[in-house]
Structures are given as C-alpha cells and as structure tokens.
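Observations on chain architecture
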Amino acid sequence: MVSMKFPTEKMSSESSFLFFRFMNNRAPSNKRYQPTEYEHAANCATHALWIIPSIVGGILLYLLSDDHWEEISAWLYGAGLSSLFIISTVFHTISWKKSHLRSVENCFHMCDRMVIYFFIAASYTPWLTLRDLGPWAANMRWVVWVMASGGTAYVFFFHERFKAVELICYVAMGVFPALVILSMADRSGLCELLVGGGCYVLGIVFFKSDGIVPFAHAIWHLFVAMGAGIHYYAIWKYLYTPVNQPTSTAR
Ligand SMILES: [Zn+2]
C-alpha cells in the first residue's frame, strides 16, 4: 500500500517544488513582497518590451494629427503611455539589481505608483479633448489632471501605508471619468474602451496575488500592456484615422 502511494507523493512534492522555486512567500501586510530572480527578470521584461512601441505609437498619432488639439492630445497620451513603461522598467531593474541604494529604489517605487495616475489621465485625454462633450462633462478635461495630481500627492504622503485605499483610488480614477460617456453624442469606440478597461480590472487580481501565484506581478504587467494596446488601437482608429475622425466644433 505504502509503496504504491510513494511515487505519486514524490511526483507531487517535486512538482510543487518546481512551482514554488519561481515564487517566494507572501509578504506581511506592512512589508513589500520580495520577488525571486525569475520574477524580477519577468517584471523587467514584461514592461521593457513596450517602451519602443509606445514611443513609436505616440509619434505616429502626432504625425496623424490634423490640428493643434490632436497634436496636444497625441503628446500627452504618448508621454503618459511611454512614461508608464519606462518608469516601471527602471524601478523593476533597480529593485532587481539591489542595491545599496534603498532610498533610490523607494523613490522609483513611488514614481512607479504615481505614473499610473498620470497614465490614466493621459489615456482619457484624447477622448475628452477630441470628442464633443456636454457642458458638465467638458470639465472632465481638467478634472482628470486634478485627480492625477491628487493621487500623486496621496502616494507622496501615504505610500504603502493603506494599500486598500491605494487600490480604491486607482479604480476610482479609472472609472469616474468614464461618466462623460453619458453626455457623449458619438459613442464609437466604447466597446474597445470597455474591453481595455476590463483588462486592467482583471489584472488587479494578479496585482494583489504576489506570493500566491508565481509571476503574479509580471502577469499584471501583461494585462496592463494588453489594456493599453486595446485603448491605443481605439484612439488610433476612432480619433486619428481620417474616416472616423471627429468633426468637433467645441474645441
Ligand atoms: Zn510593476
């Protein structure tokens, strides 16, 4: 009986060893999770890969611009998109290579979190600027940047102190500006915006799964890249290609 069970037990302990060598134990709530070497490499690679495409994508939108507002939107969006991937890659590289420079790592960790707010504001900007909006909704053009600045100040003062609040702030910043859809006459691209937003929301599950799922943070990065890719496609297709370009008079 015992000899029959043994190979199965051995196999399962071997496979769980293989599984767990890619992941460390979950960190206590007041500490940051320490990724394994494999996870560090994956965290760097999954965002570094998108730096060049995001810069090229921003330039492409700028070149497709027909007026000043399209140029400004392309600049802001391209800057937000590429900053997200650049700052994330720099932070993860510093955190991997460790360092005697703990304060530098901490500073970049804060920047990594702050840039998410600006990335969300930048992602909304082309829609808020280039689409016709109702009178109250038009204010969202500057409200998103005030929200991003508020989020940045929050990270500066309370970084890693109240993780649940931090998550609620990101979700609020991501969802609240979408209310302008209610006053948007032209709603083309809405489906892509929802699917892209869904990628971010699904990704949050992995963002919160360090030490539970191997490579959880790298998987979160991939969901971010997928969401950003879908949103880029929607901006390019519905706001910058000649056939679908809005004929706004309100700008
Ligand atoms: Zn990251």
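Residues numbered from 1 in each chain as written. Predicted model: local features only at pLDDT ≥ 70, side-chain atom pairs only at ≥ 80, totals over all residues. Heavy atoms only, no water.

Trans is the prevailing form of peptide bonds, just as negative phi is the prevailing case for residues other than glycine. Although it is not a glycine, Phe215 adopts a positive phi angle of roughly 60°. Here Phe215 shows up in the loop between helix H9 (190-207) and helix H10 (216-240). (Helix = DSSP H or I, 4+ residues; strand = E, 2+ residues; numbered from the N terminus.)

Now for the UniProt feature "binding site: Zn(2+)" (unreviewed entry) in the chain. Residues annotated by UniProt as "binding site: Zn(2+)" (unreviewed entry) correspond here to His92, His217 and His221. Despite a sequence span of 130 residues, these residues sit close together in the fold, their greatest C-alpha distance being 11.4 Å. Structurally, the position occupied by His217 is in helix H10. With residues near it in sequence (within four places) discarded, His217 still touches Asn43, His92, Arg113, Phe206, Phe207 and Asp210. Inspection of the secondary structure puts His221 in helix H10. A relative accessible area of 1% means that His221 is categorised as buried. Setting aside residues no more than four positions away along its own chain, His221 makes contact with Asn43, Thr46, His47, Ser88 and His92. (UniProt positions renumbered as here; feature names shortened; annotations may be inferred. Contact = heavy atoms within 4.5 Å. Buried < 20%, exposed > 50% of the residue type's maximum accessible area, 1.4 Å probe, protein only.)

Time to look at a nonpolar patch on the surface. A cluster of nonpolar side chains, namely Ile55, Ile59, Tyr62, Leu63, Trp75, Ile86 and Val90, defines an oily patch on the protein surface of about 660 Å² accessible area. Sorting elements by how many residues they give to the nonpolar patch places helix H3 (residues 51-64) first, with four residues. (Patch = residues over 30% accessible without salt bridge, like charges linked within 9 Å, V, L, I, M, F, W, Y side chains within 5 Å. Areas by Shrake-Rupley, 256 points an atom, 1.4 Å probe, with all protein chains shown as cover. Salt bridge = Lys/Arg side-chain N within 4 Å of Asp/Glu carboxyl O.)

Looking now at the coordination of the zinc ion. The protein atoms that coordinate the zinc ion are His92 (NE2), His217 (NE2) and His221 (NE2), at distances of 2.0 to 2.1 Å. Expressed as a motif, the donor residue spacing for the zinc ion is H-x124-H-x3-H. With a gap of 129 residues between them, His92 in helix H4 (residues 68-97) and His221 in helix H10 connect regions that are remote in the sequence. For the residue pair His92 and His221, the accessibility class agrees, reading buried in each case. (Donors = N, O, S within 2.8 Å, 3.2 Å for Na, K, Ca; no water.)

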